[in-house]
Amino acid sequence: MTPPVPAKPALFLDFDGTLVDIVDRPDGVTVAAAVPKIIEGLLARLDGAVAVVTGRKVSEVDSFLKVPIAAAGMHGLERRPGPGGAVENAVPPQEIAVLRARILAWEGLSGGVKLEDKGAGLAVHYRAAPEREVEVKTAMTGWVRDLTNLNLIAGKMVVEAKGAGHDKGVAVEKFMAGAPFAGRTPVFIGDDVTDEDGIRVAEAMGGFGIKVGEGPTLATHRLANVSAVHAWLAAISEG
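Residues numbered from 1 in each chain as written. Predicted model: local features only at pLDDT ≥ 70, side-chain atom pairs only at ≥ 80, totals over all residues. Heavy atoms only, no water.

*Asks:* Explanation requested: the nonpolar core in the structure shown.
*Replies:* If you look at soluble globular proteins, the nonpolar side chains tend to sit buried side by side. Ranked by size, the top nonpolar core spans 49 residues in total, and within it Leu 11, Phe 12, Phe 181, Ile 189, Trp 232 and Leu 233 carry the most contacts. Those residues in contact with Trp 232 that sit more than four places away from it in its chain are Thr 2, Pro 3, Pro 4, Val 5, Leu 11, Val 187, Ile 189, Ile 210 and Leu 223. Counting 18 residues, the second-largest nonpolar core is a separate cluster that includes Trp 106, Val 124, Trp 143 and Leu 150. (Core = buried A, V, L, I, M, F, W, Y, C linked by side-chain atoms within 4.5 Å. Buried < 20%, exposed > 50% of the residue type's maximum accessible area, 1.4 Å probe, protein only. Contact = heavy atoms within 4.5 Å.)

*Asks:* Would you mind going over the pairing of strand E10 (residues 185-190) with me for this structure?
*Replies:* The element E10 is largely enclosed, with a buried count of 5 among its 6 residues. Pairing of strand E1 (residues 9-13) with E10 involves 5 bridges; the strand directions are parallel. From the neighbouring strand, Ala 10 faces E10, where its bridge partner is Pro 186. Strand direction decides the pairing type here: E10 and strand E11 (residues 208-212), joined by 4 bridges, are parallel. Pairing of Phe 188 across the sheet is with Gly 209, part of E11. Regarding the hand of the β-α-β motif, the stretch spanning E10, helix H6 (residues 196-204) and E11 is right-handed. (Helix = DSSP H or I, 4+ residues; strand = E, 2+ residues; numbered from the N terminus. Pairing = 2+ DSSP bridges. Right-handed = clockwise from strand over helix to strand, strands pointing away.)

*Asks:* Mind showing me how you'd approach the sheet that holds E1 here?
*Replies:* Backbone hydrogen bonds hold the strands of a sheet together, and the pairing may be parallel or antiparallel. Across the sheet, which stays open at both edges, the 8 strands sit in the order E5-E4-E3-E2-E1-E10-E11-E12 with mixed pairing between neighbours. The strands lining the two open edges of the sheet, one partner per strand, are strand E5 (88-89) and strand E12 (221-223). Direction of pairing for E11 relative to E12: parallel, over a ladder of 3 bridges. Residue pairing in the sheet places Val 212 in a bridge with Leu 223 of E12. Here H6 sits on the sheet in contact with E10 and E11, set at roughly 150° to E11. (Axes fitted to C-alpha atoms, helices over the stretch in contact; angles between N-to-C directions.)

*Asks:* Sorry, what's going on with the side chain of Glu 116 here?
*Replies:* By the element assignment, Glu 116 lies in strand E6 (residues 114-117). This buried residue, Glu 116, is left without a salt bridge; Lys 118 holds the nearest opposite charge, at 4.4 Å. Engagement of the side chain of Glu 116 in a polar contact is seen with the side chain of His 125, the distance being 2.6 Å. In contact with Glu 116, other than residues within four places in its own chain, are Glu 60, Gly 121, Leu 122, Ala 123 and His 125. (Lys, Arg positive; Asp, Glu negative; His and termini not counted. Salt bridge = Lys/Arg side-chain N within 4 Å of Asp/Glu carboxyl O. Polar contact = N/O pair within 3.5 Å; in protein donor to acceptor, adjacent residues only side chain to side chain.)

*Asks:* For this particular structure, what's the right way to read the side chain of His 125?
*Replies:* Secondary-structure assignment places His 125 in strand E7 (residues 122-125). When residues no more than four places from it in sequence are discounted, the contact partners of His 125 are Pro 26, Gly 112, Val 113, Lys 114, Glu 116, Met 157 and Val 158.

*Asks:* Explain the environment of Trp 232 here, please?
*Replies:* As for its placement among the helices and strands, Trp 232 is situated in helix H7 (residues 226-237). A relative accessible area of 6% means that Trp 232 is categorised as buried. In this structure the C-alpha to C-alpha distance between Trp 232 and Met 140, which are 92 residues apart in sequence, comes to 37 Å.

*Asks:* Teacher, can you tell me more about the packing of aromatic side chains here?
*Replies:* The description of an aromatic ring pair uses the distance of the two centres, along with the angle that the planes make with each other. This model, assessed by the stated rule, comprises 5 aromatic pairs. Positioned over the ring face of Phe 175 is Arg 79, at 5.1 Å from the centre of the ring. (Phe/Tyr/Trp six-rings, centres within 6.5 Å; stacked < 30°, edge-to-face > 60°. Lys NZ or Arg CZ within 6 Å of the ring centre and 35° of its normal.)

*Asks:* Mind showing me how you'd approach unusual backbone geometry here?
*Replies:* The general pattern is negative phi for most residues beyond glycine and trans for most peptide bonds. Between Ala 179 and Pro 180 the backbone carries a cis peptide bond, its omega angle lying at 0°. Mapped onto the elements of the fold, Pro 180 is located in the loop between helix H5 (168-176) and E10. Positive phi values are uncommon outside glycine, yet His 75 reaches one of about 55°. Summarising the element assignment, His 75 is placed in the loop between strand E3 (70-73) and strand E4 (78-80). The exposure class of His 75 is buried, given its relative accessible area of 5%.

*Asks:* In this structure, what is going on with the sheet that holds E7? I would like to understand it.
*Replies:* Within the open sheet, the 4 strands sit side by side as E6-E7-E9-E8. Their pairing is antiparallel. The sheet is open, and its two borders are formed by E6 and strand E8 (150-155), each paired with just one other strand. Taken over all neighbouring pairs, the strand axes of this sheet differ in orientation by 20° on average, direction set aside. Relative to E7, E6 runs antiparallel, the two sharing 4 bridges. Paired with Leu 115 across the bridge in E7 is Val 124. Across the sheet, helix H3 (residues 95-104) is in contact with E6, E7, E8 and strand E9 (158-163); its angle to E7 comes to roughly 25°.

The structure is reproduced here in structure tokens:
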């Protein structure tokens, strides 16, 4: 069943696996030609109440979408309240430097396992070596055991460490506290475990979540794939 559209929605969109298909290399994604125009239509129709909420840096979202939009990057460590505004950055805990040194000294950082250094966060990807999932998760869990100010996020073929107190749900709460999101019905769309925080908050605030693809979820609605997300968003943008 196609998800409903609230009378006054506020849309929160994951990026990888939601707006674009997941690929082996994070920098290798392709944005469908129709997506920027869909986003522009949504912004116009919803008075700007649209935000991308992602594990990527905000600058990466900009480089791919090429449309000014509110955004929360790195699971909320970065936040831009509105199009064209400045990006607000949370101060990373000192433990990030300790973890970085441990990862860089690891002999397993090869053979399809790659570190993405985001400055305030560290992500170890194994998209090109999915058979090494347990190895990567075990290593990262061990390295942060004594780093109490860090949290681990296990996503699709990636394990990321960031400062505690930041997630996609907190990002949604911050957006909903101000214009143009306040007073609207939040809808969070995402495909990954990391999106469940955003879905949980959207539903707690009277809205709902949309899960993209298969798998367990708190969301009350689903869309089959990225193409289905584009179609649903296009229908809203076109009125």
